[in-house]
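Geometric and topological summary
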Amino acid sequence: GDSVTQMEGPVTLSEEAFLTINCTYTATGYPSLFWYVQYPGEGLQLLLKATKADDKGSNKGFEATYRKETTSFHLEKGSVQVSDSAVYFCALSTTGGGNKLTFGTGTQLKVEL
Amino acid sequence: DTEVTQTPKHLVMGMTNKKSLKCEQHMGHRAMYWYKQKAKKPPELMFVYSYEKLSINESVPSRFSPECPNSSLLNLHLHALQPEDSALYLCASSQVGWGGDTQYFGPGTRLTVL
């Protein structure tokens, strides 16, 4: 079946540091890939997405590239801020899956001054 | 506008109570979803409605009863819940419910069962 593996958290960074959160996937079909962010006490917000190989999703300074050859969709940001502190979920859905989202376990990011 | 609204924001109920959660979207989406999220875990899919018909039920206990009165509205009726049902309940919607379709989430209802 489909699965998503994310790096374990929490990840603690200083403000303005470079961020990478690794995400790899296994899928039987040809998936679309997503990053969602959840701030404390809130629901999930779509951060970015990519629907085909080599697509790059980007939003608010965050980027991720759909790498079919390595089955990866790593999230990066060049300079994090305290306001980026949240839990980040990598997810996929496939055309044959009734649009069921398969989530990774989530990675908590803490950014300190 | 990609807004999904949920009411109430918080709900405390006893095990013998009956309550309902409400979700609304005005984006013209034809698929709507209920998820349950426990602390420090990813959301777990409960139900999917596509074109106002229940298309997926992830073996959810019958004390949870979904309803989709129209394409903009989704309810979750709760009855005789257990303390372990305490969680954040998230609603989401997407354009048509096909694989790869982007799901947009509401802020959630935090449910506490006493």
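Residues numbered from 1 in each chain as written. Chains lettered and ligands numbered in written order. Predicted model: local features only at pLDDT ≥ 70, side-chain atom pairs only at ≥ 80, totals over all residues. Heavy atoms only, no water.

Our focus in this paragraph is the packing of aromatic side chains. In total, this model carries 12 aromatic pairs over all chains according to the counting rule given. Each ring, one from Tyr25(A) and one from Tyr66(A), has its centre 6.1 Å from the other, and the planes form 80 degrees; the classification is edge-to-face. One end of the pair, Tyr25(A), is in strand β4 (residues 23-26); the other, Tyr66(A), is in the loop between β8 (62-65) and β9 (75-77), and 41 residues separate them in sequence. In terms of burial, Tyr25(A) and Tyr66(A) fall into one category: buried. Between the aromatic rings of Tyr35(B) and Phe105(B), the centroid separation amounts to 5.2 Å while the plane-to-plane angle is 45 degrees, which identifies the pairing as tilted. (Phe/Tyr/Trp six-rings, centres within 6.5 Å; stacked < 30°, edge-to-face > 60°. Helix = DSSP H or I, 4+ residues; strand = E, 2+ residues; numbered from the N terminus. Buried < 20%, exposed > 50% of the residue type's maximum accessible area, 1.4 Å probe, protein only.)

Listed per partner, the contact involves 23 residues of chain B and 20 residues of chain A. Between chain B and chain A, the buried area comes to about 1600 Å², and carbon and sulfur atoms account for 53% of it. In this structure, the connection of chain B to chain A is made through one salt bridge. The partner of Lys100(A) in a salt bridge is Glu58(B), with the nearest N and O atoms 3.2 Å apart. (Contact = heavy atoms within 4.5 Å. Buried area = accessible area lost by both parts, 1.4 Å probe. Salt bridge = Lys/Arg side-chain N within 4 Å of Asp/Glu carboxyl O.)

Time to look at unusual backbone geometry. Cis rather than trans, the peptide bond between Gly9(A) and Pro10(A) has omega equal to -5 degrees. With respect to the element layout, Pro10(A) can be found in the loop between β1 (3-6) and β2 (11-14). With an omega dihedral of -10 degrees, the bond running from Thr7(B) to Pro8(B) counts as a cis peptide bond. The residue Pro8(B) is located in the loop between β1 (4-7) and β2 (10-13) in this model. Positive phi is not limited to glycine here, since Glu16(A) has a value of about 80 degrees. The topology assignment puts Glu16(A) in the loop between β2 and β3 (19-21).

So, on to the sheet that holds strand β7 (residues 64-70) of chain B. Residues and elements named next belong to chain B. Strand order in this open sheet of four strands is β1-β3-β8-β7, and the pairing throughout is antiparallel. The sheet is open, and its two borders are formed by β1 and β7, each paired with just one other strand. On average, each strand axis in the sheet is tilted by 20 degrees relative to the strand beside it, whichever way the strands run. Direction of pairing for strand β3 (residues 18-25) relative to strand β8 (residues 73-79): antiparallel, over a ladder of seven bridges. Of the residues in β8, the one forming a bridge with Lys-19 is Leu-78. (Pairing = 2+ DSSP bridges. Axes fitted to C-alpha atoms, helices over the stretch in contact; angles between N-to-C directions.)

Residues and elements named next belong to chain B. In this structure the tally under the stated criterion is one cavity of 30 Å³ or more. By volume, the largest cavity is sized at about 40 Å³. In terms of lining residues, the largest cavity is bounded by His-29, Arg-30, Ala-31, Met-32, Tyr-49, Ser-50, Tyr-51, Glu-52, Cys-68 and Ser-71. Elements with a contribution of two residues or more to the lining of the largest cavity: β4 (31-37) and β5 (44-50). Among the residues making up the lining of the largest cavity, the classes are represented as five nonpolar, three polar and two charged. (1 Å grid on protein atoms, 1.4 Å probe; cavity = no way out; pocket = protein on both sides within 12 Å on 5 of 7 lines; lining within 4 Å. Points joined across faces, edges and corners; volume = space filled by probe spheres on them. Nonpolar A, V, L, I, M, F, W, Y, C, P; charged D, E, K, R; others polar.)

Quick look at the pattern of salt bridges now. Inspection of every chain in the model, using the stated rule, returns eight salt bridges over all chains. Ionic pairing is found between Asp84(A) and Lys77(A), a salt bridge with its closest N-O pair at 2.7 Å. Neither Asp84(A) nor Lys77(A) differs from the other in exposure class; each is buried. The partner of Asp85(B) in a salt bridge is Lys36(B), with the nearest N and O atoms 4.0 Å apart. With a gap of 49 residues between them, Asp85(B) in the loop between β8 and β9 (87-94) and Lys36(B) in strand β4 connect regions that are remote in the sequence.

A few words on the environment of Asn17(B). All names here are of chain B. Along the chain, the position of Asn-17 falls in the loop between β2 and β3. Under the relative-accessibility criterion, Asn-17 is labelled partly exposed at 29%. Distance in space between the C-alpha atoms of Asn-17 and Ala-80 is 6.3 Å, their sequence separation being 63 residues. Dropping the residues within four chain positions of it, Asn-17 is found in contact with Leu-78, His-79 and Ala-80. At 2.7 Å, the side chain of Asn-17 forms a polar contact with the backbone nitrogen of Gly-14. (Polar contact = N/O pair within 3.5 Å; in protein donor to acceptor, adjacent residues only side chain to side chain.)

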